[in-house]
Amino acid sequence: MSTTRTRRAALMAATVTAALVLAACGGDDSGDASHGSGHGTSSSPSADTAAAHNAQDVSFAQGMIPHHRQALEMAELAADRASSADVKSLAARIEKAQDPEIKTMSGWLKSWGEEVPEAGEPMPGMDHGSQSGMPGMMDDADMEELGKASGEDFDTMFLTMMVEHHEGAVDMAGTETTKGRYAAATAMADDIITGQTAEITEMNKLLGKG
């Protein structure tokens, strides 16, 4: 009888122990998850973000935002002024691709504690249309001339300017892919190179150069 009781007690103890272990494991899992998510919103991301980007990433975003904004400004003109359906389609695709990228890059700069370029204003030290600051940017006279054009004249002017503009963006993106550190920024730079190189080919064909 004594032996039976001992076995029964041992079995019960083992069962309780197993239940406690399972409960503890579950608690650890949820604890780790909450602990991990806590890190995800507190000290870890700022430290990770700071370590994951460099000055080139900042320069890329601060330069590409106004560069993209000018492309959008040019593309918006095409809706009313272009005569070619191909040009209008291209302009719409440029808007669809570049507007979200502006928002994404602005978010990066804010998370890094860096200045986000104001709409309509180049970054300090960059003259509007400066080839050295942002390659491919149109100056005010170019934009004014484009704004006054319409029909086939607009199409030709738009395509010619946008080819140059895209080539500048591809150059800037190329620098980012070789010198940047932030993975999302270098990935976007790769996308810009791929997408805008294809559009350059398309625009040159529309201009009769392809």
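Please refer to the structure higher up on the page.
Here we summarise the structure given alongside this text. (Residues numbered from 1 in each chain as written. Predicted model: local features only at pLDDT ≥ 70, side-chain atom pairs only at ≥ 80, totals over all residues. Heavy atoms only, no water.)

Quick word on the environment of Trp112
For step 1, the next point in the chain: With respect to the helices and strands, the residue Trp112 is situated in helix H4 (residues 85–112).
For step 2, the next point in the chain: By relative accessible area, Trp112 is classed as buried at 10%.
For step 3, the next point in the chain: Taking the C-alpha atoms as reference points, Trp112 and His53, 59 residues apart in sequence, are found 8.6 Å from one another.
For step 4, the next point in the chain: At 3.5 Å, the side chain of Trp112 and the side chain of His53 are in polar contact. (Helix = DSSP H or I, 4+ residues; strand = E, 2+ residues; numbered from the N terminus. Buried < 20%, exposed > 50% of the residue type's maximum accessible area, 1.4 Å probe, protein only. Polar contact = N/O pair within 3.5 Å; in protein donor to acceptor, adjacent residues only side chain to side chain.)

Comments concerning the nonpolar core
For step 1, the next point in the chain: Within the largest apolar cluster, 23 residues are counted, with the highest numbers of intra-cluster contacts made by Met74 and Phe158.
For step 2, the next point in the chain: Contributing elements (two or more residues each) for this core: helix H3 (55–81), H4, helix H5 (140–148), helix H6 (151–179) and helix H7 (183–206).
For step 3, the next point in the chain: For this core, the element with the highest residue contribution is H6, accounting for 8 residues.
For step 4, the next point in the chain: In contact with Phe158, other than residues within four places in its own chain, are Met74, Ala75, Ala78, Val87, Leu90, Ala91, Ile94 and Leu146. (Core = buried A, V, L, I, M, F, W, Y, C linked by side-chain atoms within 4.5 Å. Contact = heavy atoms within 4.5 Å.)

Considering H4
Three or four residues apart is the spacing at which side chains of an α-helix point the same way, because the helix has 3.6 residues per turn.
For step 1, the next point in the chain: With 28 residues, H4 should reach 40 Å at 1.5 Å per residue; the first-to-last C-alpha distance of 41 Å fits that figure.
For step 2, the next point in the chain: Of the residues making up H4, those classed as buried are Val87, Leu90, Ala91, Ile94, Gln98, Glu101, Ile102, Met105, Ser106, Trp108, Leu109 and Trp112.
For step 3, the next point in the chain: Two or three places before Asp86, at the start of H4, stands the capping residue Ser84, its side-chain oxygen 3.1 Å from that residue's backbone nitrogen.
For step 4, the next point in the chain: Once H4 ends, the next one or two residues include Gly113, with phi positive near 75°. (Expected span 1.5 Å × (residues − 1).)

Details of the side chain of His68
For step 1, the next point in the chain: With respect to the secondary-structure elements, His68 resides in helix H3.
For step 2, the next point in the chain: A polar side-chain atom of His68 sits 2.6 Å from a polar atom in the side chain of Glu101.

Some words on the pattern of salt bridges
For step 1, the next point in the chain: Counted by the stated rule, this structure contains 3 salt bridges.
For step 2, the next point in the chain: Lys103 is paired through a salt bridge with Asp99; the nearest N and O atoms lie 2.8 Å apart. Placement of the pair is Lys103 and Asp99 together in helix H4, with a separation of 4 residues, close to one helical turn.
For step 3, the next point in the chain: With relative accessibility at 55%, the residue Lys103 sits in the exposed group.
For step 4, the next point in the chain: Between Lys148 and Glu144 there is a salt bridge; the shortest N-O distance is 3.3 Å. On the criterion of helical spacing, the pair formed by Lys148 and Glu144 is a turn pair, its members being 4 residues apart in helix H5.
For step 5, the next point in the chain: Judged by its relative accessible area of 48%, Glu144 is partly exposed. (Salt bridge = Lys/Arg side-chain N within 4 Å of Asp/Glu carboxyl O.)

None of this, on its own, says anything about what the molecule does.
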